[in-house]
Amino acid sequence: MTVTDLETGSDRLAPVVRGGGRPKRRARLLPGGFRWILPAFAISVGLIYYSIIYSGYLSFFSWPGGRALMTPVGLGNYITALSDPVLWTSLRNTLVYFVVVFVVQVVGGMLFAAAMHSKVRFANVYKVLVVIPVVVAPATLAPAQIQVWQSDGTVNSILGFFGLSALQQPWIGQSTTSLLVVTLVGCWGAIGYGFILLYAGMSQIDPELLEAGRLDGAGNLRVLFSIVLPSLKPIIVSLAILNFITALKLFDNPWLITQGGPAHSSEFLGTMIYGETASTDRNLGYASALSILVLLIAVAVSVFMQLRGRERLTRTKPRRKEAADV
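Quantities reported herein were computed from a predicted structural model and do not represent experimental measurements. The numbers attached to residues start from 1 for each chain and follow its sequence in the written order. Where totals are concerned, whole chains, interfaces and linings use all residues; where local detail is concerned, this predicted model gives features only for residues with pLDDT of at least 70, and gives and counts side-chain atom pairs only at 80 or more. In computing side-chain values, all of the structure's heavy atoms are included and hydrogens and water are not.

Glancing now at the packing of aromatic side chains. Ring pairs shown here join Phe, Tyr and Trp side chains whose ring centres sit within 6.5 Å, with only the six-membered ring taken for Trp; geometry is labelled stacked below 30 degrees between planes, edge-to-face above 60, and tilted in between. A full pass over the atoms with the stated rule returns 13 aromatic pairs. Look at Phe-195 and Tyr-199: their rings are 5.5 Å apart centre to centre, the planes differ by 40°, and that puts the pair in the tilted class. Placement of the pair is Phe-195 and Tyr-199 together in helix α7 (residues 178–203), with a separation of 4 residues, close to one helical turn. For every residue, the accessible area (1.4 Å probe, protein chains only) is compared with the maximum for its type, and the residue is labelled buried under 20%, exposed over 50%, or partly exposed between those bounds. For Phe-195, a relative accessible area of 4% puts it in the buried group. Put simply, DSSP H or I for four residues or longer makes a helix, DSSP E for two residues or longer makes a strand, and each gets a number counted from the N terminus.

A separate point is the nonpolar core. Take the buried residues of types Ala, Val, Leu, Ile, Met, Phe, Trp, Tyr and Cys, join any two whose side-chain atoms come within 4.5 Å, and each joined set is a nonpolar core. Residues Leu-87, Tyr-97, Phe-102, Leu-198 and Leu-290 are the most contacted members of the largest nonpolar core, which totals 44 residues. For this core, the secondary structure elements donating two or more residues are α2 (76–82), α3 (85–116), α4 (123–135), α7, α9 (220–231), α10 (233–248), α12 (269–278) and α13 (284–325). With 10 residues, α3 is the single largest residue contributor to this core. Leu-159, Trp-171, Val-181 and Val-185 belong to the second-largest nonpolar core, a separate cluster that totals 8 residues.

Note that the residue after Gly-261, namely Pro-262, is joined by a cis bond; omega there is -10°. Relative to the assigned elements, Pro-262 resides in the loop between α11 (252–257) and α12. In this model, Ala-263 sits at a positive phi of 55°, which is unusual for a non-glycine residue. Its place among the elements puts Ala-263 in the loop between α11 and α12. The phi dihedral of His-264 is positive, around 60°, even though this residue is not glycine. Here His-264 is to be found in the loop between α11 and α12.

This next bit is on the packing of α4 against α7. One way to put it is that α4 packs onto α7 with a least axis distance of 7 Å and a crossing angle of 120°. Considered as vectors, α4 and α7 are oriented oblique to each other. Considering how the two elements wind past one another, α4 and α7 form a crossing that is left-handed. Contacts from Lys-127, Val-130, Val-131, Pro-133 and Val-134 of α4 reach α7 at Trp-188, Gly-189, Gly-192, Tyr-193, Phe-195, Ile-196 and Tyr-199. For this classification, the nonpolar set comprises Ala, Val, Leu, Ile, Met, Phe, Trp, Tyr, Cys and Pro, the charged set comprises Asp, Glu, Lys and Arg, and every other residue, Gly included, is treated as polar. Here the residues of the contact of α4 with α7 are counted per class, giving 9 nonpolar, 2 polar and 1 charged. Here an axis means a line fitted to C-alpha atoms, over the contact stretch when the element is a helix, while the angle between two N-to-C directions is reported on a 0 to 180 degree scale. Working rule for angles: under 35 degrees goes down as roughly parallel, over 145 as roughly antiparallel, 65 to 115 as roughly perpendicular, anything else as oblique. The sense of a crossing depends on the near helix, which, turned anticlockwise from the far helix by less than a right angle, makes the crossing left-handed and, turned clockwise, makes it right-handed. The contact criterion used is simple: two residues touch if any of their non-hydrogen atoms lie within 4.5 Å.

What follows deals with α4. If you check α4, its first and last C-alpha atoms are 19 Å apart, about what 13 residues at 1.5 Å a residue would give, namely 18 Å. The set of residues buried in α4 consists of Ala-123, Val-130 and Pro-133. Next to the buried residues of α4 lie α3 and α7. Multiply 1.5 Å by the residue count of a helix minus one, and that product is the helix's expected span.

For the rest of this paragraph, the subject is the confidence of the model for the chain. For residues with low pLDDT, the predicted coordinates do not support detailed interpretation. pLDDT expresses, on a scale from 0 to 100, how confident the predictor is about each individual residue. Residues at a pLDDT of 70 or more form 84% of the chain, whose mean pLDDT is 80. A low-confidence stretch, residues 1–14 (pLDDT under 50), is modelled with 28 contacts involving residues beyond four sequence positions or located in other chains. A low-confidence stretch, residues 320–326 stays under pLDDT 50, and its non-local contacts, those more than four residues away or across chains, total 1 contact.

Right, let's talk about α9 for a bit. Over its 12 residues, α9 extends 15 Å from the first C-alpha to the last, a length consistent with the 16 Å expected when each residue adds 1.5 Å. Within α9, burial applies to Val-223, Ile-227 and Val-228. Summarising the axial view, the buried residues of α9 lie within an arc of 85°, below the 170-degree limit, and thus occupy one face. Of the residues in α9, the exposed ones pointing more than 90 degrees away from the buried face are Leu-221, Arg-222 and Phe-225. On its buried side, α9 packs onto α7 and α8 (207–215). An arc is given here, and it is the one of the directions from the helix axis to the C-beta atoms.

As a further point, take the packing of α9 against α10. α10 packs onto α9 with a crossing angle of 60° between their chain directions and a minimal axis gap of 4 Å. Compared by their axis directions, α9 and α10 come out oblique. Contact residues: Leu-229, Pro-230 and Ser-231 in α9; Lys-233, Pro-234 and Ile-236 in α10. Of the residues belonging to the contact of α9 with α10, the class tally is 4 nonpolar, 1 polar and 1 charged.

This is the structure we're talking about:
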């Protein structure tokens, strides 16, 4: 009796004998590594996916919580949300925050990363100073940010010192500048994170490639835009995705600094959902509908990114094949 095939249904190879014989070893029902991920898998399914499903269920009811009765409203919460001007203000603020923070993060992170790769004295000290905003909790920084931007705060004091009293503003107390303050605080914390990723990406660029560019007569700017930036494109795309997700679920800075005000001028989806759950006239069904809308937006953007990535991969495959044939 000979073994003619192997079955790889588990972490061990199980011989399969043809001709009516019985295999000497049966395949395990569970893969060998599954038992190790089972606790984390159970927690993930139990806490995350159950919460999503339950939020979707609550979104079809009007319910203030506790022992109150749950009143079915069908799609009423979704219709109310889509007709709520505060929701569209939150989406606009999210888009503005994402664009500004992403641009500042890439430009600022690129400048700091390029400077740190040059021969700069006390480079390690500068690295620590740039990274500090990344590791400090927003709740720790919020009191300092409020003191900096309030009417008698540091910013207005500096403007008055330089004779620019006409530019003094109640920065966090008026609707025209509150979003600006939240966005600037986000930029301050985001530059350090962009610096970490871009600095690591620059470290992976082949020095011979940079040297070849300089031998061809390319200056610093030409090397930066023709060699460094194309090499860092995957990292920049990852930063764009991470920034969009951060803007979509942003809560800490706007709530701690402005609480979404005044007049919802610095409202974000996170603060809007929290306001619906923490208010005295709360409606947990409406808050659940808002959460589901945030989830749908995140999934739609993720699918769009994946489709774009597949299109680019499909376009580059013929080029790689032609290069391999040559």
